[in-house]
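A look at the structure
Spelled out, the chains give:
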Amino acid sequence: MQYPYQIDSAEAYQKAWQKSVEEPEQFWSDIAGEFVWKKQWDKVLDWNFREPKISWFAGGRLNITENCLDRHLEERGDQPAIIWEPNDPAEHHRILTYRQLYHKVNQFAHVLLNNGVQRGDRVCIYMGMVPELAIAVLACARIGAIHSVIFGGFSAQSIADRLQDAQARFIVTCDGAFRGGKDIPLKDVIDDALVTCPFVERVIVLTRTRTPVSMIKGRDVWWEEEIHRVETMGNPPVPAVEMDAEDPLFILYTSGSTGKPKGVVHTVAGYMIWTTYTFVNVFQYQPEDIHFCTADIGWITGHSYIIYGPLAAGATTLMFEGIPTWPDAGRFWDIVDKYRVNMLYTAPTAIRSLMSFGLGPLQDHKLDSLKVLGTVGEPINEEAWHWYHDHVGKRKCPVVDTWWQTETGGIMISNMAGITPEKPSYATLPLPGVQPVLVDENGQEITGNEVSGNLCIRFPWPGMIRTTYGDHERCRQNYFATYDDLYFTGDGCYRDENGMYRITGRVDDVLNVSGHRIGTAEVENAINMHNGVVESAVVGYPHDIKGQGIYAYVIFSHEISEADLTRRDIAHTVSRIIGPIAKPDKIQFVPGLPKTRSGKIMRRILRKIAEGETTSLGDTSTLLDPGIVQHILEGKIH
Ligand code: WTA
């Protein structure tokens, strides 16, 4: 497959970026013309950021699975679409060619139809990293159902919240999931979640771990038996439902600074074009390259760069069920050599964790197939960047540091491998279609170079968020109300002397723990569920491996006799309410919290204490009780 929109030089990048700003409609309609449509669009772009209203390719009709599957059958039907590496290296890997994947997606699309799923229905997918997860996602897209994948690490309560918000009547899950040495009982967790979700009509269960499960009559069915039914019908192909360009493709929940996670909605055409365009250009994908993105499909990175971007580009995508450190810290390198992986895309937290094992696990690995390395999800420190570049890439692979968000659908600011310059710890330059703006607290644009500010985006791009499910006002409030006529990212950013961007981290109350987004308010709500807790405040602090750790200040209702036990109880509560990823690393019991006279918690002070600052805590004179700060300092957990 040729990509006429593939940028092949720094000059071509400059020209493309310029054109995307000056003639965005022409620019994007040329690219859209490279995809398969059932009907041409009427209007390329219609937008305002006030409502917000964003519409790309209105009137166009298509199905994303025809772009990801059908159109490749003739030319590359026998090429691997998905290579799957199991958790246990002793188990056999699986390869699905484009033809096989097409067949399986059709089969499962039929299963969904047989079970009453209709276009527009929300289907929740809660599975481990098995090929059937990708198959379920694509099968939903084939029949126009809206998938909502939930990361396998979330708890029953988190699932129930999401099911209720999306009013999902259908669930696809597994008996269990393997992750490293663990076996996670997914179906059990679903059963717990469904206690408060009586509207769920059907649960389709794939066998993976053979963990015993209870199947509820009339509600739960086995994946394998349902497939068998379709086989006895003779496997009729399922026509790809004709979707409007702006019909929702999926909902993905993500944390914000307030309240419960919001359902970010992406639509069919814009998301498809954005993920494919960015995949091909950032990684400089060449036919037959093998792309290994280590993310979980429960997060946006997996959606965009394991499934949709690579498959729409006709690429070979590698999906890994396990974790980087099991059975040992050489697992990624085993996989790279085993399949001769060309592109490795992972998170700084994984790199730092592997770094801590030294160079031993890298020895005996060639890694000579690698051409491009990528990072995503959090700022990468220079040390980790160099380790990745020197020891994994052997100084011959460009490292692309890709900045983006669930809300942006795909990569926004990044170098393009071997095409535009790299700079350690810098995401570098905006991709064509992206117009970054730095603003100060008052919303004044900060121009010029060597400046810092809050990162906003000025103009719509095809892959951007359209709404938050069921609550458009929340979308407006969150992203479009802080600054007039700008999309606000929630990130802080520095622009260097050459106009290159360095993302410095969140400026709102969102933590980034091991690349996972977690709202401090969510963690506080979970801690407060513990019956001894009166009040709590959660902040982030620098953590060598996770990037950020979670530090919780907790006011307890009575004298604590066994502090460690109580800490464990509280951590367990958080695990039950949200999931293990949100467990606080440090819990400090405090007699009070630093509050202003109006009752607002001064998080700035708490953040500084958690970071280890002892003296310059800033102005504490506006506090209701300045003495509390000294108390907290004395009890600091190291
Ligand atoms: C952070 C993940 C620095 C950022 C794709 C953003 C990054 C949040 C980078 C989104 C990067 C992502 N450098 N920070 N290259 N990439 N971030 O929605 O704070 O899970 O706002 O999307 O991760 O996280 P999300």
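The structure displayed is predicted, hence computed values, not measured ones.

Some thoughts on the overall build of the chain
- Looking only at helices and strands, the chain features 19 helices and 30 strands.
- A principal-axis box enclosing the C-alpha atoms of the chain has dimensions of 75 × 60 × 55 Å.
- Counting every position in the chain, which comprises 638 residues, the buried fraction comes to 62%.
- By sequence separation, contacts in the chain at least 24 residues apart represent 71% of the contacts at least 6 residues apart.
- When the accessible surface of the chain is split by element, carbon and sulfur atoms take 48% of a total near 24,000 Å².
- Taking the average location of the 61 positive side-chain charges in the chain and that of its 80 negative ones, the two points are 2 Å from each other.

Observations regarding the site of the ligand
- Around the ligand sit 17 residues, and of these Asp401, Thr406, Asp491, Arg506 and Arg517 come closest.
- Backbone polar atom of threonine 402 to a nitrogen atom of the ligand: 2.8 Å apart, as the coordinates give it.
- Within the side chain of glutamine 405, one N or O atom sits 2.9 Å away from an oxygen atom of the ligand.
- For the ligand, whose unbound accessible area comes to 520 Å², protein coverage reaches 96%.
- Residue assignment for the shell around the ligand shows that the elements contributing at least two residues are α11 (300-312), β20 (399-402) and β25 (501-506).
- Looking at the shell around the ligand residue by residue, the class counts come to 6 nonpolar, 6 polar and 5 charged.

Focus on the sheet that holds strand β18 (residues 343-346)
- Reading across from one edge, β5-β4-β17-β16-β18-β19-β20 is the order of the 7 strands in this open sheet, with mixed pairing throughout. The sheet is open, and its two edges are formed by β5 (94-97) and β20, each paired on a single side. Within the sheet, the average angular offset between the axes of one strand and its neighbour, ignoring direction, is 20 degrees.
- As judged from the 4 bridges shared by strand β4 (residues 80-85) and β5, these two strands associate in the antiparallel manner. Within β5, the residue paired with isoleucine 83 across the bridge is isoleucine 95.

Topic: the nonpolar core
- If you look at the biggest cluster of nonpolar residues, it comprises 169 residues, and the most contacted ones within it are Phe57 and Phe108.
- Phenylalanine 57 has contacts with Trp28, Ser29, Ala32, Trp37, Trp41, Lys43, Val44, Ala245, Ala269 and Ile273, leaving out every residue within four places of it along the chain.
- With 29 residues, the next largest nonpolar core counts Val341, Leu367, Trp387 and Cys397 among its residues.

Regarding unusual backbone geometry
- With an omega of -10 degrees, the peptide bond running from glutamate 51 to proline 52 counts as cis.
- With respect to the element layout, proline 52 can be found in the loop between β1 (43-48) and β2 (53-58).
- For the bond running from tryptophan 326 to proline 327, omega is 0 degrees, close enough to zero to count as cis.
- Here proline 327 is to be found in the loop between β17 (316-320) and α12 (331-339).
- Positive phi outside glycine occurs at serine 425, with the angle close to 70 degrees.
- Relative accessible area serves as the criterion here: at 6%, serine 425 is assigned to the buried category.

Focus: the domain arrangement of the chain
- When the domains of the chain are assigned, the result is domain 1 (12-63 + 268-508), domain 2 (95-241) and domain 3 (510-634).
- If you look at the interface, domain 1 gives 22 residues, while domain 2 gives 25 residues.
- A combined buried area of about 2,200 Å² lies between domain 1 and domain 2, and 60% of that area is made up of carbon and sulfur atoms.
- Three residues stand out in domain 1 for area buried against domain 2, namely Asn63, Glu321 and Tyr469, and they jointly supply 30% of the buried area on that side.
- Taken together, the links from domain 1 to domain 2 amount to 1 salt bridge.
- Put simply, arginine 208 and glutamate 321 hold a salt bridge, and the shortest N to O gap is 2.8 Å.

Details of the environment of valine 238
- Assignment of secondary structure puts valine 238 in the loop between α9 (223-232) and β13 (243-244).
- Separated by 256 residues in sequence, valine 238 and tyrosine 494 have C-alpha atoms that sit 50 Å apart.
- Valine 238 has contacts with Asn106, Ala109, His110, Leu113, Arg142 and Ile143, leaving out every residue within four places of it along the chain.

Section: the packing of aromatic side chains
- The tally for this structure, following the rule as stated, stands at 39 aromatic pairs.
- A centroid spacing of 5.6 Å and a plane angle of 55 degrees characterise the contact between tryptophan 28 and tryptophan 274, whose relative ring orientation is tilted. With tryptophan 28 in helix α2 (residues 24-32) and tryptophan 274 in helix α10 (residues 268-282), this residue pair connects regions lying 246 residues apart in the sequence. Residue tryptophan 28 shares its accessibility class with tryptophan 274, and that shared class is buried.
- A centroid spacing of 5.9 Å and a plane angle of 35 degrees characterise the contact between tryptophan 56 and phenylalanine 57, whose relative ring orientation is tilted. The residues tryptophan 56 and phenylalanine 57 share a single accessibility class, namely buried.
- Pairwise contacts between aromatic rings join Tyr3, Tyr5, Phe27, Trp28, Phe35, Trp37, Trp41, Trp56, Phe57, Trp274 and Tyr277 into one cluster.
- Lying across the ring of tryptophan 84, arginine 94 places its NZ or CZ 5.9 Å from the centre.
- Between arginine 162 and the ring centre of phenylalanine 154, over which it is positioned, the NZ or CZ distance is 4.3 Å.

Some thoughts on the pairing of β1
- Across 5 bridges, the pairing between β1 and β2 is antiparallel. The residue of β2 that forms the bridge with tryptophan 47 is isoleucine 54.
- Two successive antiparallel strands, β1 and β2, enclose a turn made up of 4 residues.

Description of the packing of helix α13 (residues 348-355) against helix α14 (residues 382-392)
- It is the contact of α13 with α14, at a shortest axis distance of 10 Å, that shows an interaxial angle of 75 degrees. The orientation of α13 relative to α14 falls into the category roughly perpendicular. Residue-level contacts link Ile351, Arg352, Leu354 and Met355 of α13 to Glu383, Ala384, Trp387 and Tyr388 of α14.
- Along the lines of polarity and charge, the residues of the contact of α13 with α14 split into 6 nonpolar, no polar and 2 charged.

Re the pattern of salt bridges
- Evaluation of the coordinates by the stated rule reveals 39 salt bridges.
- The partner of aspartate 220 in a salt bridge is lysine 187, and the shortest N-O contact between them spans 2.8 Å. With a gap of 33 residues between them, aspartate 220 in strand β12 (residues 220-222) and lysine 187 in helix α8 (residues 186-194) connect regions that are remote in the sequence.
- Aspartate 220 is paired through a salt bridge with arginine 219; the nearest N and O atoms lie 2.6 Å apart.
- A relative accessible area of 8% means that aspartate 220 is categorised as buried.
- Exposure remark for arginine 219: the relative accessible area of 16% places this residue in the buried category.

Digging into the sheet that holds β25
- A sheet is described by the order of its strands in space; here 4 strands give the open sequence β21-β22-β24-β25, paired in antiparallel fashion. On the outer flanks of this sheet lie β21 (436-439) and β25, each paired with one strand and no other. Neighbour-to-neighbour, the strand axes of this sheet turn through a mean angle of 45 degrees, independent of strand direction.
- Pairing analysis gives 5 bridges linking strand β24 (residues 487-495) to β25, with the strands arranged antiparallel. The partner of tyrosine 494 across the bridge, within β25, is arginine 502.

Parameters and conventions
- Residues numbered from 1 in each chain as written.
- Predicted model: local features only at pLDDT ≥ 70, side-chain atom pairs only at ≥ 80, totals over all residues.
- Heavy atoms only, no water.
- Helix = DSSP H or I, 4+ residues; strand = E, 2+ residues; numbered from the N terminus.
- Buried < 20%, exposed > 50% of the residue type's maximum accessible area, 1.4 Å probe, protein only.
- Contact = heavy atoms within 4.5 Å.
- Areas by Shrake-Rupley, 256 points an atom, 1.4 Å probe, with all protein chains shown as cover.
- Lys, Arg positive; Asp, Glu negative; His and termini not counted.
- Charge placed at Lys NZ, Arg CZ, Asp CG, Glu CD.
- Near = heavy atom within 4 Å.
- Polar contact = N/O pair within 3.5 Å; in protein donor to acceptor, adjacent residues only side chain to side chain.
- Nonpolar A, V, L, I, M, F, W, Y, C, P; charged D, E, K, R; others polar.
- Pairing = 2+ DSSP bridges.
- Axes fitted to C-alpha atoms, helices over the stretch in contact; angles between N-to-C directions.
- Core = buried A, V, L, I, M, F, W, Y, C linked by side-chain atoms within 4.5 Å.
- Domains from an automatic or database assignment.
- Buried area = accessible area lost by both parts, 1.4 Å probe.
- Salt bridge = Lys/Arg side-chain N within 4 Å of Asp/Glu carboxyl O.
- Phe/Tyr/Trp six-rings, centres within 6.5 Å; stacked < 30°, edge-to-face > 60°.
- Lys NZ or Arg CZ within 6 Å of the ring centre and 35° of its normal.
- Parallel < 35°, antiparallel > 145°, perpendicular 65-115°, else oblique.

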